Amino acid sequence: MPDLKFWRPDTANRYAGAPDYPERASEALAIMHRQVGELDIGPDGIARSGLLIRHLLMPGSLAETESILRYVATSLTPATYVNIMA
């Protein structure tokens, strides 16, 4: 379950010291999605394979969350699962 924390380079730089985080994270997620595909949940409700992205909603950064979800829906697929943590 990979994280996608920040969307703006200035936010990534401020909190993680990594202004290229959005670019690198989105590249990595695209590769992971190609490798494992959509999340497959078995009849028992347990995930068996596929991509599940974790996103921490940062205070005051709702616009970044919206951008992240838009990226996931348009660059990966709208069926990609995202676990949003408050």
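Residues numbered from 1 in each chain as written. Predicted model: local features only at pLDDT ≥ 70, side-chain atom pairs only at ≥ 80, totals over all residues. Heavy atoms only, no water.

Peer 1: Can you help me understand helix α2 (residues 21-36) in this one?
Peer 2: Side chains three or four residues apart in an α-helix point the same way, a direct result of the helix having 3.6 residues per turn. Along its 16 residues, α2 runs 22 Å from first to last C-alpha, staying within 8% of the 22 Å computed at 1.5 Å per residue. Of all the positions in α2, only Y21, P22, A25, S26, L29 and H33 are classed as buried. The arc that holds every buried residue of α2, seen down its axis, measures 115 degrees, which confines them to one face. Across from the buried face of α2, at angles greater than 90 degrees, the exposed residues are R34 and Q35. Summarising the contacts, the buried residues of α2 are in contact with α1 (9-16), β3 (52-56) and α3 (62-76). Trailing α2 by a residue or two, G37 shows a phi angle of about 70 degrees, which is positive. (Helix = DSSP H or I, 4+ residues; strand = E, 2+ residues; numbered from the N terminus. Expected span 1.5 Å × (residues − 1). Buried < 20%, exposed > 50% of the residue type's maximum accessible area, 1.4 Å probe, protein only. Arc of directions from axis to C-beta. Contact = heavy atoms within 4.5 Å.)

Peer 1: Looking at this structure, I do not really get the pairing of β3. What am I missing?
Peer 2: A regular strand carries its side chains on alternate faces of the sheet. Residues of β3 alternate between two faces, with I53 and H55 buried on one and L52, R54 and L56 left unburied on the opposite face. The sheet contact formed by β3 and strand β4 (residues 81-85) spans five bridges and is parallel. Bridge pairing in β4 links I53 to V82. Note that the unit made of β3, α3 and β4 has a crossover that is right-handed. (Pairing = 2+ DSSP bridges. Right-handed = clockwise from strand over helix to strand, strands pointing away.)

Peer 1: So what exactly am I meant to see when it comes to the environment of G45 here?
Peer 2: With respect to the helices, strands and loops of the structure, G45 is situated in the loop between β1 (40-41) and β2 (47-49). Judged by relative accessible area, G45 falls into the exposed class, the value being 54%. The sequence separation of G45 and V72 amounts to 27 residues, and the corresponding C-alpha distance is 23 Å.

Peer 1: How do you make sense of the packing of aromatic side chains when you look at a structure like this?
Peer 2: Aromatic rings in a pair are described by how distant their centres are and how their planes are angled relative to each other. Summed over the entire model, instances satisfying the criterion amount to three aromatic pairs. Residues F6 and Y15 carry aromatic rings whose centres are separated by 6.0 Å and whose planes lie at 15 degrees to one another, so their mutual orientation is stacked. Centroid distance W7 to Y71: 5.1 Å. Interplanar angle 35 degrees. Geometry classified as tilted. Here the residue W7 occupies a position in the segment before α1, and Y71 occupies one in helix α3, the gap between them amounting to 64 residues. (Phe/Tyr/Trp six-rings, centres within 6.5 Å; stacked < 30°, edge-to-face > 60°.)

Peer 1: Whenever I open this one, a nonpolar patch on the surface confuses me. Can you help?
Peer 2: Among the surface-exposed residues, L57, L62, L69 and I84 lie close enough to one another that they form a single nonpolar patch of about 310 Å² accessible area. You can see I84 is positioned in strand β4. The partly exposed category is assigned to I84, whose relative accessible area is 42%. (Patch = residues over 30% accessible without salt bridge, like charges linked within 9 Å, V, L, I, M, F, W, Y side chains within 5 Å. Areas by Shrake-Rupley, 256 points an atom, 1.4 Å probe, with all protein chains shown as cover. Salt bridge = Lys/Arg side-chain N within 4 Å of Asp/Glu carboxyl O.)

Peer 1: Explanation requested: the pattern of salt bridges in the structure shown.
Peer 2: Oppositely charged side chains may form a pair once their charged atoms are brought near each other. Applying the stated criterion to the full structure yields eight salt bridges. Between R24 and E23 there is a salt bridge, with its nearest N and O atoms 3.5 Å apart. Measuring nitrogen to oxygen at the nearest pair gives 3.1 Å for the salt bridge that ties D44 to R48. Accessibility expressed as a relative area gives 47% for D44, which makes it partly exposed. When salt bridges that share partners are traced, they join D20, E23, R24 and E27 into one network.

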